[in-house]
Amino acid sequence: MSGILALGIQDFKRLMTNALFWVITATLVLIIVLINLALPKNISEEDYHILIYQTDHYADQAISVSSEEELRQKVKENGTIGLLGNDDGSITVLNPGLSEKTVHAIITMLYRSSNIDINIERLNESNKTIPFNKRMTPVFICFEALIIGFILGGVLLLSEKEEGTIRAMRIAPIGVDKYLISKTGLFSIIAVLYSFLMALFCIGFNFPVLSFALLSFFGAAIFSLIGLAFTTFFKDMSSWFFSMALLLSINMLPVVAYSEPSFSPLWLRVIPSYSMIFAYENILFGMGRSLIPVVFTVAGWCIGAYLVSRFVVGRYLLAEGR
Amino acid sequence: MITVNSVYHDYEGKGYYAVSDISFSIEGGKIFGFLGPSGAGKSTVQNIMTGLIPLQRGEILYNGQSVKALKTKFFNQIGVSFEQPNVYAKLTGYENLKYFAALFSVPTHDPMKLLDRVGLRESAHKKASEYSKGMRQRLTLARALINKPKYLFLDEPTSGLDPSTAASVRELIREQRDGGAAVFLTTHNMELADSLCDTVAFLYGGKIAAMDSPEVLKLEYGKRLVTVTYDEAGNECSKSFDMSDRKALAEFLVDVNPIKIHSQEATLEEIFLRVTGKELKS
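All residue numbers here refer to positions counted from 1 along the written sequence of the relevant chain. Starting at A for chains and at 1 for ligands, labels are handed out in the order in which the entities are written. Local features in this predicted model are restricted to residues of pLDDT 70 or higher, and side-chain atom pairs are both shown and tallied only at a pLDDT of 80 or more, whereas totals for entire chains, interfaces and linings draw on every residue. Water and hydrogen atoms play no part in the side-chain values, which are based on all heavy atoms of the structure.

A. A look at the overall build of chain A. Helix and strand assignments come from DSSP, with helices taken as H or I runs of at least 4 residues and strands as E runs of at least 2, each series counted from the N terminus. A count of helices and strands for chain A gives 15 helices and four strands. Between buried and exposed lies partly exposed: a residue is buried under 20% and exposed over 50% of the maximum accessible area for its type, with that area taken using a 1.4 Å probe on protein chains only. The 322 residues of chain A split such that 47% are buried. In what follows, a contact means two residues having at least one pair of non-hydrogen atoms within 4.5 Å. Partitioning the intrachain contacts of chain A with sequence separation of at least 6 by distance along the chain shows that 71% fall at a separation of at least 24. Summing over all exposed atoms, chain A offers an accessible surface of approximately 16400 Å²; the carbon and sulfur share of this is 64%. For the area figures, the Shrake-Rupley method with a 1.4 Å probe applies, and any residue is considered shielded solely by the protein chains shown.

Put into structure tokens, the structure is as follows:
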């Protein structure tokens, strides 16, 4: 235990002298400012009219246009939905690229029996609209606080390689478990702190703290472990940086599903940040969804990442030759 | 006791051995010098012995236990000082030692006392990045000693040190030997080996060319000489005689005006040249 603590403390001291650590910390402040002051509260209040041509559907937000060409042009320009009545009585829905699921949902709503009132019920417990800027908080937590171990763990590991201290570690009685746990633990603690700061300054403190802390701790652990295993195969910062940036870009893809929830193919759902973004949304905004699937997903990723990292770091970094 | 039996190593797996048929043993309380020019294979053998390079062929035993079967705990007993100083540049000298001390599950030295012994007390709280190469070398040596190792591996421990610091490092190494440690010293500095080692092995071309105590090697391969410095028409000249040829020396002394007479024995450097046919240059 003292070995783990000693490693963690010294790694923290090394982090304090690392410029990238301060860049990430400055980014945290920037994101908080961005969410609170720069991002709009609602990005869809400008124009949400439905354009129609040759259909018998009329609603408050429906605007009739005079030709099919005009309809097509305005749908393209305004990024809205157009309903085109065809000669055979059928309807063509023109849209700027919505998923099929979304379009079907809209059509189902529009063409219900006209004598039925249509009500919209929001499923979040607090039963209020989440402003756009606040809604982006889970995204920033995932792509700033949680990946801190992925980036800085890699930086520390590469500096150990470049300084040659990794050779001294190899002949010290440390073992791969201590090495991994000390680094992962350190970055998870930092990630919890950063996530809390972001949540506190962007949303407030009205959320289940324990769930939030556990998700941040183990979520960050997953990224740290993947990062350490990944970085093991690189010799220096320059060759690592591009590959790291590429991998992080892939990890950011689930933000598409967060913006457009109906788009959630399997390949996107298997990216670890997918579950975490929605879990943060669930915790921070009280969406009322069960957290049990998230617990299993995060636990599975943690165990998998640990086993892979233990093998890779143990075999290719620490126990080379033993 | 460390036992090395018929160790071979082929880096590329193409049948070219960097080291071949290396055999020796080191008892506790002895210093074994592994001497040879750069590229002879000294560091390769040390790295195989410490587990940094996998043992391909042969046998290395620590008190009868194979290096291949060593558990993590065993590394509590090993100390290694690398030729290239490898310390955490962003930590201070003191932090570097404290950090490594915490990794061991055996009693360790007080980092500050150890820094004092290697002459770094005053720089203890400076970052290692501000140290000179010699200071980093001493810090690496101090780190190797932090766990009071039973098996100590030193790779060119006095390289780049000034004479005074080199002398104190020598004394420190002697203390480890006197404390019962088996010391494996890798160097191309024959003077260092001569002053410290109980046994030396000459490594050349990946093979041991000769191995014994420095005294025995000198007797076996070296000639004891007497050098006479004499005056010849106002100029200082000198001539050497084999000590066994006393008659020639006596006749010469009658004919000249001697200024100084010195007896001298062969150095390990000269013996290395005689054994391998090559000079011992780094």
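B. The arrangement of the sheet that holds strand β4 (residues 91-94) of chain A in detail. Residue and element names in this part refer to chain A. Here, strands pair whenever DSSP counts at least two bridges between them. Overall, mixed pairing links the four strands, which are arranged β2-β1-β3-β4 in an open sheet. What marks the edges here is a single partner per strand, and that holds for β2 (62-64) and β4. Across the sheet, the axes of successive neighbouring strands diverge by a mean angle of 25°, strand direction being ignored. What counts as an axis is a line fitted to C-alpha atoms, over the stretch in contact for a helix, and the angles between N-to-C directions run from 0 to 180 degrees.

C. Structural context of the environment of I222 of chain A. All names here are of chain A. Its place among the elements puts I222 in helix α10 (residues 209-231). Residue classification places I222 among the buried positions, given a relative accessible area of 0%. For the pair I222 and A305, spaced 83 residues apart in sequence, the C-alpha separation works out to 6.1 Å. Dropping the residues within four chain positions of it, I222 is found in contact with M276, V298, W301, C302 and A305.

D. Highlighting the pattern of salt bridges. Whenever a carboxyl oxygen of Asp or Glu lies within 4 Å of a side-chain nitrogen of Lys or Arg, that contact is scored as a salt bridge. Summed over all chains, the structure comprises 14 salt bridges over all chains. A salt bridge links E281 of chain A to R289 of chain A, with the shortest nitrogen-to-oxygen separation between them at 3.0 Å. Residue classification places R289 of chain A among the partly exposed residues on the basis of a relative accessible area of 39%. With a closest N to O distance of 2.7 Å, E175 of chain B and R117 of chain B form a salt bridge.

E. The arrangement of the interface of chain A and chain B in detail. The interface is formed by 27 residues belonging to chain A together with 26 residues belonging to chain B. When two parts are put together, the accessible area they lose, computed with a 1.4 Å probe and summed over both, is reported as buried area. Across the interface of chain A and chain B, roughly 2400 Å² is buried in total on both sides, 64% from carbon and sulfur atoms. Note that E95 of chain B is salt-bridged to K13 of chain A, the shortest N-O span being 3.4 Å. Residues adjacent in sequence count toward polar contacts only when both atoms are side-chain atoms; beyond that, a polar contact is any pair of N or O atoms within 3.5 Å, and within protein one must be able to donate a hydrogen and the other to accept it. At the boundary of chain A and chain B, one finds five residue pairs in polar contact (both at pLDDT 80 or more). Per element, the largest residue contribution to the side of chain A that touches chain B is eight residues, and it comes from helix α1 (residues 2-16) of chain A. Among the residues forming the side of chain A that touches chain B, the class breakdown is eight nonpolar, nine polar and ten charged. Three residue categories are used. Nonpolar comprises Ala, Val, Leu, Ile, Met, Phe, Trp, Tyr, Cys and Pro, charged comprises Asp, Glu, Lys and Arg, and polar comprises the others, including Gly.

F. Summary view of the side chain of S195 of chain A. With respect to the helices, strands and loops of the structure, S195 of chain A is situated in helix α9 (residues 175-202). Ignoring any residue separated from it by four or fewer positions in sequence, one finds S195 of chain A in contact with I141, A145, L146, F212, S216 and Y280 of chain A.

G. Looking closely at unusual backbone geometry. All names here are of chain B. Look at K148: it is not a glycine, yet its phi comes out positive at around 50°. With respect to the secondary-structure elements, K148 resides in the loop between α4 (133-145) and β7 (151-155). Exposure remark for K148: the relative accessible area of 44% places this residue in the partly exposed category. In this structure, A233 is a non-glycine residue whose phi angle is positive, near 55°.

H. Up close: the sheet that holds strand β11 (residues 225-232) of chain B. All names here are of chain B. If you walk across this open sheet you meet the three strands as β12-β11-β13, and the pairing is antiparallel. Of all strands in the sheet, those bounded by a partner on one side alone are β12 (235-242) and β13 (257-264). Going across the sheet, the axis of each strand differs from the next one's by a mean of 20°, ignoring polarity. Examined bridge by bridge, β11 and β13 share seven bridges and lie antiparallel to one another. Its bridge partner being in β13, D231 is matched across the sheet by N257. Across the sheet, helix α8 (residues 246-255) lies against β11, β12 and β13, angled at about 15° from β11, the strand it touches most.

I. Here's a closer look at the packing of α10 of chain A against helix α15 (residues 292-318) of chain A. Residues and elements named next belong to chain A. At a minimum axis separation of 8 Å, α10 and α15 run at an interaxial angle of 30°. As the angle between them shows, α10 and α15 are arranged roughly parallel. Read as a crossing pair, α10 and α15 show a hand that is left-handed. Of α15, the residues touching α10 (which contributes L215, F218, I222, L225, I226, L228 and A229) are V294, V298, W301, C302, A305, Y306, S309, V312 and V313. Here is the rule for angles: anything less than 35 degrees is roughly parallel, anything more than 145 is roughly antiparallel, 65 through 115 is roughly perpendicular, and the remaining ranges are oblique. When the near helix sits turned anticlockwise from the far one by under a right angle, the crossing is termed left-handed; a clockwise turn instead gives a right-handed crossing.

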